[in-house]
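This is what each chain is made of:
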Amino acid sequence: MTSFLKQWGEAANTTLGFFWMALWAFILGYIISSMIQIFVTENRMQKSMGKNEGKSILLGTFFGFISSSCSFAALASTKSIFKKGASFVSSIAFLLASTNLVIELGIIISIFLGWQFVIGEYVGGLLLILICWALIRIINPKKLIKKARKNLESEDDDASTNSTDWKKQIKKEESWARVAKKYKMEWQMVWKDVTVGFTIAGIVAAFVPDSFFQTLFINSGEGNTDFTFLEILEHIVVGPVAAFLTFIGSMGNIPLAALLFGKGVSFAGVMAFIFSDLVVFPVLRINAKYYGWKMSLFIVFLLFTALIGASLALHYTFDLFSILPDPSQVKIEDQEFFKVNYTLFLNLGFLAISGYLIYLGFFKKKDVDHAMSEMAPKSQLLETVLKYAAFACYIWLVGGLAVKYIF
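### Some thoughts on the overall build of the chain
Inference 1: Helices and strands together make up the secondary structure of the chain, namely 18 helices and 0 strands.
Inference 2: Within the chain, residue pairs in contact and separated by at least 24 positions form 85% of the contacts whose partners lie at least 6 positions apart.

### A look at the packing of aromatic side chains
Aromatic rings in a pair are described by how distant their centres are and how their planes are angled relative to each other.
Inference 1: Enumeration over the complete set of coordinates arrives at 24 aromatic pairs.
Inference 2: Consider the rings of tyrosine 290 and tyrosine 291, whose centres lie 5.8 Å apart with planes at 65 degrees: the pair is edge-to-face.
Inference 3: On the numbers, 6.3 Å between centres and 80 degrees between planes, the contact of tyrosine 388 with phenylalanine 391 is edge-to-face. Pair noted here: tyrosine 388 and phenylalanine 391 are both in helix H18 (residues 380–405), with a separation of 3 residues, about one helical turn.
Inference 4: Judged by its relative accessible area of 52%, tyrosine 388 falls in the exposed class.
Inference 5: Three or more aromatic residues joined by ring pairs form one cluster here, namely Phe82, Phe88, Tyr290, Tyr291, Phe298 and Phe301.

### Structural notes on the packing of helix H5 (residues 88–100) against helix H16 (residues 293–320)
Inference 1: Between H5 and H16, the least distance of the axes is 13 Å, while the angle of their chain directions is 60 degrees. When the axis of H5 is compared with that of H16, the two are oblique. When the axes of H5 and H16 are compared, the crossing they make is right-handed. Here H5 contributes Phe88, Ile92 and Leu96 to the contact with H16, which in turn contributes Met295, Phe298, Ile299, Leu302 and Leu303.

### Comments concerning the pattern of salt bridges
Inference 1: Taken as a whole and assessed by the stated rule, the structure comprises 2 salt bridges.
Inference 2: Residues lysine 404 and glutamate 10 are paired through a salt bridge, measuring 2.6 Å at the closest nitrogen-oxygen approach. On the criterion of sequence distance, the pair formed by lysine 404 in helix H18 and glutamate 10 in helix H1 (residues 2–39) is long-range, its members being 394 residues apart.
Inference 3: According to the relative accessible area criterion, lysine 404 is partly exposed, its value standing at 32%.
Inference 4: In this structure, lysine 364 engages glutamate 173 in a salt bridge whose closest nitrogen and oxygen atoms are separated by 3.0 Å. Of this pair, lysine 364 sits in helix H17 (residues 342–364) while glutamate 173 sits in helix H10 (residues 173–207), placing them 191 residues apart in sequence.

### What to know about the packing of helix H14 (residues 267–275) against H16
Inference 1: Between H14 and H16, the shortest axis-to-axis distance is 9 Å and the interhelical angle comes to 145 degrees. Of the two elements, H14 crosses H16, and the hand of that crossing is right-handed. Residue-level contacts link Phe267, Ala268, Met271, Ala272 and Phe275 of H14 to Leu307, Ala310, Ser311, Leu314, His315 and Phe318 of H16.
Inference 2: By residue class, the composition of the contact of H14 with H16 is 9 nonpolar, 2 polar and no charged.

### Thoughts on unusual backbone geometry
Inference 1: Despite not being glycine, asparagine 219 has its phi angle at roughly 65 degrees, a positive value.
Inference 2: Structurally, the position occupied by asparagine 219 is in the loop between helix H11 (210–216) and helix H12 (229–246).

### Section: the confidence of the model for the chain
Inference 1: Taken residue by residue, the chain gives an average pLDDT of 83. The fraction at 70 or more is 86%.
Inference 2: For residues 157–163, every residue scores under 50 in pLDDT, and the model assigns this stretch 12 contacts once sequence neighbours within four places are set aside.

### A look at a nonpolar patch on the surface
Inference 1: Judged by side-chain polarity, Leu16, Phe338, Tyr405, Ile406 and Phe407 come together as a nonpolar surface patch covering roughly 620 Å² of accessible area.
Inference 2: Following the sequence through the fold, leucine 16 ends up in helix H1.

### Considering the nonpolar core
Nonpolar side chains in soluble globular proteins tend to end up buried together.
Inference 1: Counting 99 residues, the largest nonpolar core has Phe88, Phe112 and Leu113 as the members making the most contacts within it.
Inference 2: A per-element tally of this core places H16 first, with 12 residues.
Inference 3: Here leucine 113 is in contact with Ile254, Ala257, Ala258, Phe261, Ile274, Gln329 and Val330, once residues within four sequence places are set aside.
Inference 4: Formed by 6 residues, the second largest nonpolar core is a distinct cluster that contains Ile36, Phe63, Ile81 and Ala86.

### A closer look at the environment of isoleucine 109
Inference 1: As for its placement among the helices and strands, isoleucine 109 is situated in helix H6 (residues 103–112).
Inference 2: Given the relative accessible area of 0%, isoleucine 109 is considered buried.
Inference 3: Sequence separation between isoleucine 109 and glutamate 121 is 12 residues, and the spatial gap between their C-alpha atoms is 8.4 Å.
Inference 4: For isoleucine 109, the contacting residues outside a window of four places in its chain are Gly114, Phe117, Val118, Glu121, Ile254 and Ile274.

### Considerations on H14
Inference 1: Most of H14 is tucked away: 9 of the 9 residues are buried.
Inference 2: Buried within H14 we find Phe267, Ala268, Gly269, Val270, Met271, Ala272, Phe273, Ile274 and Phe275.

### Regarding a positive patch on the surface
Inference 1: Taken together, the side chains of Lys146, Lys147, Lys150 and Lys294 make up a positively charged region of the molecular surface.
Inference 2: Here the positive patch takes 3 residues from helix H8 (residues 142–152), the largest share from any one element.
Inference 3: Along the polypeptide, lysine 294 turns up in helix H16.

Conventions used here
- Residues numbered from 1 in each chain as written.
- Predicted model: local features only at pLDDT ≥ 70, side-chain atom pairs only at ≥ 80, totals over all residues.
- Heavy atoms only, no water.
- Helix = DSSP H or I, 4+ residues; strand = E, 2+ residues; numbered from the N terminus.
- Contact = heavy atoms within 4.5 Å.
- Phe/Tyr/Trp six-rings, centres within 6.5 Å; stacked < 30°, edge-to-face > 60°.
- Buried < 20%, exposed > 50% of the residue type's maximum accessible area, 1.4 Å probe, protein only.
- Axes fitted to C-alpha atoms, helices over the stretch in contact; angles between N-to-C directions.
- Parallel < 35°, antiparallel > 145°, perpendicular 65-115°, else oblique.
- Left-handed = near helix turned anticlockwise from the far one by under 90°.
- Salt bridge = Lys/Arg side-chain N within 4 Å of Asp/Glu carboxyl O.
- Nonpolar A, V, L, I, M, F, W, Y, C, P; charged D, E, K, R; others polar.
- pLDDT = per-residue confidence, 0-100.
- Patch = residues over 30% accessible without salt bridge, like charges linked within 9 Å, V, L, I, M, F, W, Y side chains within 5 Å.
- Areas by Shrake-Rupley, 256 points an atom, 1.4 Å probe, with all protein chains shown as cover.
- Core = buried A, V, L, I, M, F, W, Y, C linked by side-chain atoms within 4.5 Å.
- Lys, Arg positive; Asp, Glu negative; His and termini not counted.
- Charge placed at Lys NZ, Arg CZ, Asp CG, Glu CD.

Next up, the structure:
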């Protein structure tokens, strides 16, 4: 019993420490994302993308890069720009970029995993897009694309046609009040995933033995970094399965990715785990609702094939240049999280900025109108389960912290 209580306290403390490490990065990322969504509308994106395939893919990638990292927001935006005339391949480029190339994800990865994984995330995101582009060109699914567009014809057109010059908007206090309201929405979209994801990471760190990971990921652990091709391939395939079982978005999965790497999972396997947020069942179901089941399954085939190819290419390219990261550099267990360092000052600074935005958007300029962004249709059952799981996590964390610091 004493052993369990000690592990409980360590699990809760690790979860809180993980969140403390990442807090300023979440705030910075969501402020940037909120600004871009207010000052750059979907209509502007679509008008800029045009019909040229090469140009539209580049712009789809760029607009995805500056968009929200929330998978459900990305799915809705992708559907919207595809419906408005963007090519299928540029829509896929937008979807992949908005979930793999976003600024806030890179910052979180740098905190937990280091610079090699940041490079892997951004280069890998581009590889995902290029591989999907090549597969689409080879397969040329014209009938599927035509049917997918037909499935969207019955939907009402989006009403938003905001064309105000962003240079004028950025000088107005009302625009920043809208940024504040969007910022609140960003947190509303992710709080459950982040809570559950970080809590699971803390529990895994404290309770799950290394032998479990060594069984799940062949030949991992015990300092081994020399994997055969088949072992790396197995890690790449098992990574998405682990992501599927967690049902958590990419932002909440990064501490888990760091734990996997620290336990000895290959670089390729960890990258595949990070890339897997678009091949889980909720995303499959949403795409089926938008485009039909055949197209949804085709998108899963595209993305899964692309993540295998991208993960393999990253692993062997990094190995060729002798820059594969060392698992020993990722030590997120038994850390002293709460001390006076740059994290403390960054968190305090960005919390102050958050406080000002809340004051501006919900007190000083509370009457400013703000249109809700379209969100993909979430499963009510899954959302309810996640909500109660998040509440259970808070109870677990309070109890664990009380055990560690009071009793």
